[in-house]
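Each chain, letter by letter, is given below.
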Amino acid sequence: MIRVFGEECPAFVLETPGLSYAFRILPTGQPEQLCCCARLPLETLAEVLALSEPRAFAPGNTVVYDKAHPELSLEDVCLEFSAPGKGDSREPMLVLVQPDGSRSCDFVYQSHSIDEAQPPQTPLPGSYGETGGAEHLCVCYRDRNGGLTLETHYWLWADCDCLCRRNVLVNSGEGEVQLERFLSMQLDLPERELSVSGFFGAWAREMERHCIPLSAGKLVLESRAGASSSRCNPFFLVHDPAATECAGDCWGFHLLYSGSHYAAVERSPFGKTRVVSGIQPEGFRWLLAPGERFESPEAVLCHSPAGFTGLSRKLHFFVREHVVRGRWKRQTRPILLNSWEACYFDISERGLLALAKAGRDIGVELFVVDDGWFSGRSDDSRALGDWTPDRQKLPEGLAGLCRRINALGLQCGIWVEPEMVNCDSDLYRAHPDWALSIPGQHHAEGRNQRLLDLCNPAVQDHLIDTLTELFSSAPISYVKWDYNRNFSDAFSPHLVARQQGEVAHRYILGLYRVLGELTRRFPDLLFEGCASGGNRFDPGILCFFPQIWASDNTDALARARIQEGYSYGYPQSCVAAHVSACPNHQTLRSTPPDSRFAVAAFGLLGYELDLRDLSPAQRRELRAQVETYRRWREVLQFGDFYRVRSGNDHQWCCVAPDRSRAVGLFLRELARANRPNDRYFARGLDPARRYRFRNEPKAVDVRRFGSLINTSSPIHIRQDSALHGLIAKLVKLPGEREDQVLSGAQLMGPGATLRQGFAAVGHNAEVRCMPDFSARLYFLEAVGEPDGGAT
């Protein structure tokens, strides 16, 4: 609900069931932010104005806005936006150069309108509703110093307590304006102690959460890579320092943008906290001619007083319902087998078909041919950009290969990296001016490739036409769209010198045009985003692709931390995860197959290893995994996700929306001696219902116990000997069985007591063996009908 109190200096209250966001127009025309918090009973203008801080005199050594208001210094006011020139020395939302060279802006209230509308979807994507628009408020401000109009747009999604915001600058004057910074949102919070949680990392180490107390100064969270980046995801949190999963004020911030981004959280000398987020201003300069407008990407703000889990559940709903779209929005995703770690560039039709047959035998549904299938592609230094099948590797082309894979009962998918080009390619030789590079200068390359200039409409058209032909040439069901390098020497030959500050943003606009057109032409195609793993994992890409490859790191322990990081702001229905070989190709760590599956199951399950090399017993084990995942796929992909415990022992819980079924994960990183007692704690269940809590018992390999086997053997057995291996094939120790019926209240309170853990005093079928890197999945199903009085 959006309500307006007053006329000349109105106050605006934007409300959802769990959020109150209020601001008012000061007598001088600036918008004063009043609150962004849990729902308040704001029914009268007096109640709204009571949130404003009383002012009698401006603080010492500050700039007074005008002589008529000696009490007003903008440096000590919570504002909806800020610009340089009128005394606010904190982080500005916008910075520009006026036609006369001056940099001051003085935007004051002009008008407002309220309606119900969808956010714009072009040239930048936005949130949307399937059954109608959101409540929409537009407030217009005019610049007293020049011919500029600033529009601040707000959309309320009441079903998840999310507020979306974007800004529009219109040049209504007669001279050109240089826009140097134009962020998407600004939130000023009154004095209180706060911390910031950012999600930093690198290739194969995405989404490492770092919690940083902010007692003074400024914290910057940014990407300058040209993409949203694995270095720093655009999602971040501001929260009470003592916030937990279940309690404490938390604010979450998303940005529907896939390029370089910038966010800052600054604590002023007066204790107020300013949060800004939007396009990276470093290197940005947009020339705004008379009559033109510039629109910022859409920013998302969400608040929860119920801790990190409360916030995550709202944001998961927002991404599922208001970002992801199309056929695959609610459709369960297929279990796939990807060829990359099995073949790398060693592609042949015979080998691919053998691998696909092995995948069919374990129950996968989709076979994906990764890099190496197109002409001349023997390594990563050549042929990128030439999207024609290599007839030496695939004699019947993609169409023939896909038909053969379809005949096995599998769907077929391919890998592409359309935004890139190798210099050793027919495309580059024909169009060297289509790459982002400075003519006549040395170019710093990444992965032996360059970026195509998506600022150029001709390049956009080429990609649309080429990929349309490619995707239509064979029965392709899935496309993995990769992006394997960051910007360097970013210069567009298509743009004149004065426009080179527009390159990074124009590239993203061009990308969105290409993605929008291709997803419109191929609505049934399942696209998966990828960028060396999670180098472009953001809501902007999710507007086009319903899922993203979260990381090239498939090690179970590393992936658990990575996926847990994503879970703060993204639902598991967006996170692709694979079971791979051991030793792992990224860490050289060996983890049990059960652990690799358990972590990957809390995402969109796939396999990425050479199934041809596995023994019959190993293949049977993987087939059992696939069968388990199929039974619980709906819960694991679209259930409500809860982080229960983190650290050495990870506990997660994924619960069906009707709370009738759930899956739990218990992952142990390192075992500790003589700690036999553990419990599993569920979340999100109906406390009044009873649930059958069980596992799927797995036999224990005697080799797990090493030389301890000699305490039970009548003869000496040398560890890791041929005899040891033979005994392991013939003798399987029984694994523990968990099978109890417990109330939801107990499972969420004291928890389910688990079988005694191994503590070096004996082992039998009643003992739970969980050495380093072990995991268990627990399955919960409601027993009987729900109690009508349950809450």
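Owing to the predicted nature of the structure, the values given are computational and were not obtained by experimental measurement.

(A) A look at the sheet that holds strand E23 (residues 411-416). The parallel closed barrel is built from eight strands, whose spatial order is E21-E22-E23-E26-E27-E28-E29-E30. Averaged over all pairs of adjacent strands, the angle between strand axes in this sheet comes to 30°, irrespective of strand direction. Its contacts with the sheet put helix H11 (residues 593-601) on strand E29 (575-580) and strand E30 (604-608), and the angle it makes with E29 is roughly 170°.

(B) Seen up close, the pattern of salt bridges. Counted under the stated rule, the structure contains 66 salt bridges. A salt bridge links arginine 643 to glutamate 245, with the shortest nitrogen-to-oxygen separation between them at 2.9 Å. Separated by 398 residues along the polypeptide, arginine 643 in strand E31 (residues 640-645) and glutamate 245 in the loop between strand E14 (232-239) and strand E15 (250-256) bring together distant segments of the chain. Neither arginine 643 nor glutamate 245 differs from the other in exposure class; each is buried. With a shortest N-O distance of 3.0 Å, arginine 561 and glutamate 669 are connected by a salt bridge. With arginine 561 in helix H10 (residues 556-567) and glutamate 669 in the loop between strand E33 (661-668) and strand E34 (679-680), this residue pair connects regions lying 108 residues apart in the sequence. Given a relative accessible area of 45%, arginine 561 falls into the partly exposed group. Looking at glutamate 669, the relative accessible area reads 11%, which means it is buried. Shared partners join several salt bridges into a network, and the residues in it are Asp371, Arg377, Asp380, Glu417 and Arg447.

(C) Main features of helix H4 (residues 349-362). Spanning 14 residues, H4 covers 20 Å between terminal C-alpha atoms, matching the ideal 20 Å at 1.5 Å per step. Burial in H4 covers these residues: Glu349, Gly351, Leu352, Leu353, Leu355, Ala356, Ala358, Gly359 and Ile362. Summarising the contacts, the buried residues of H4 are in contact with strand E21 (336-338), helix H3 (340-343), strand E22 (366-369), helix H5 (397-407), E30 and helix H12 (616-638). In the segment just after H4, glycine 363 is the residue with positive phi, at about 105°.

(D) Representation of the state of the cysteines within the structure. Enumeration according to the criterion identifies zero disulfides in this entry. No disulfide involves cysteine 246; its sulfur sits 11 Å from that of cysteine 250, the nearest cysteine.

(E) Structural detail: unusual backbone geometry. Cis geometry marks the peptide bond from threonine 122 to proline 123; its omega dihedral reads 0°. For proline 123, the location among the structural elements is in the loop between strand E6 (107-117) and strand E7 (134-143). Of the consecutive residues cysteine 582 and proline 583, the connecting peptide bond is found in the cis state with omega at 0°. Mapped onto the elements of the fold, proline 583 is located in the loop between E29 and H11. With phi around 55°, asparagine 674 is a residue other than glycine that occupies positive phi space.

(F) Just the environment of alanine 202, in detail. With respect to the helices, strands and loops of the structure, alanine 202 is situated in the loop between strand E11 (194-200) and strand E12 (208-214). Each C-alpha atom, one on alanine 202 and one on serine 229, is 8.3 Å from the other, the two residues being 27 residues apart in sequence.

(G) Quick look at the environment of arginine 623. With respect to the element layout, arginine 623 can be found in helix H12. With 263 residues separating them in the primary sequence, arginine 623 and arginine 360 have C-alpha atoms 9.5 Å apart. When residues no more than four places from it in sequence are discounted, the contact partners of arginine 623 are Arg360, Asp361, Ile362 and Gly363.

Reading the values: the criteria
Residues numbered from 1 in each chain as written. Predicted model: local features only at pLDDT ≥ 70, side-chain atom pairs only at ≥ 80, totals over all residues. Heavy atoms only, no water. Pairing = 2+ DSSP bridges. Helix = DSSP H or I, 4+ residues; strand = E, 2+ residues; numbered from the N terminus. Axes fitted to C-alpha atoms, helices over the stretch in contact; angles between N-to-C directions. Contact = heavy atoms within 4.5 Å. Salt bridge = Lys/Arg side-chain N within 4 Å of Asp/Glu carboxyl O. Buried < 20%, exposed > 50% of the residue type's maximum accessible area, 1.4 Å probe, protein only. Expected span 1.5 Å × (residues − 1). Disulfide = S-S within 2.5 Å.

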